[in-house]
Amino acid sequence: MMFSDAFMAIADPNRRYLLEELRRGPKTVNELAAGLPVSRPAVSQHLKVLLDAGLVNAKPEGTRRVYTVSSAGFLKLNIWLDQFWDAEQLG
């Protein structure tokens, strides 16, 4: 299920940091790794989890990949979460 994958993906503080950085604009693995105390391969693994959960997109540019936040992935997650806010307001 996409939502459980998304929640598992954002459960990790390093992945939340990556999402916050990508929210500011597209970045490469090297640019993202500069802000984290983990190796570049570890950042790539975190990005793969976010990619598999549908929360980020990757676009090849020459020999590197540029990552961005996936608006569609977050929209699906937001729509799913919104049903609980609506239920709370009604109840």
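Conventions and cut-offs
Residues numbered from 1 in each chain as written. Predicted model: local features only at pLDDT ≥ 70, side-chain atom pairs only at ≥ 80, totals over all residues. Heavy atoms only, no water. Helix = DSSP H or I, 4+ residues; strand = E, 2+ residues; numbered from the N terminus. Buried < 20%, exposed > 50% of the residue type's maximum accessible area, 1.4 Å probe, protein only. Contact = heavy atoms within 4.5 Å. Areas by Shrake-Rupley, 256 points an atom, 1.4 Å probe, with all protein chains shown as cover. Polar contact = N/O pair within 3.5 Å; in protein donor to acceptor, adjacent residues only side chain to side chain. pLDDT = per-residue confidence, 0-100. Pairing = 2+ DSSP bridges. Axes fitted to C-alpha atoms, helices over the stretch in contact; angles between N-to-C directions.

Caption draft 1: Geometry of the overall build of the chain. Scanning the chain from terminus to terminus reveals five helices and three strands. Ordered by position in the sequence, the α and β elements of the chain form the string α-α-β-α-α-β-β-α. Residue burial in the chain is summarised as follows: out of 91 residues, 31% are buried. Counting contacts in the chain only where the partners sit at least 6 residues apart, residues at least 24 apart contribute 50% of the total. Within the structure as shown, the chain displays about 6000 Å² of accessible surface, and the carbon and sulfur contribution to it stands at 57%.

Caption draft 2: Up close: the environment of Asp12. Looking at the element boundaries, Asp12 is found in the loop between helix 1 (2–10) and helix 2 (13–23). Each C-alpha atom of the pair Asp12 and His46 lies 8.9 Å from the other, and the pair is 34 residues apart in sequence. From its side chain, Asp12 meets the backbone nitrogen of Arg15 in a polar contact 3.1 Å long.

Caption draft 3: Looking closely at the confidence of the model for the chain. Residues at a pLDDT of 70 or more form 89% of the chain, whose mean pLDDT is 89. Looking across the chain, the model is least confident in helix 5 (residues 71–90), with a mean pLDDT of 79, and most confident in strand 3 (residues 64–69), with 97.

Caption draft 4: Fine view of the sheet that holds strand 1 (residues 27–28). Within the open sheet, the three strands sit side by side as 1-3-2. Their pairing is antiparallel. Either end of the sheet is taken by a strand with one partner, and the two such strands are strand 1 and strand 2 (56–61). In this fold helix 2 packs onto strand 1, strand 2 and strand 3, with an angle of close to 90 degrees to the strand it touches most, strand 3.

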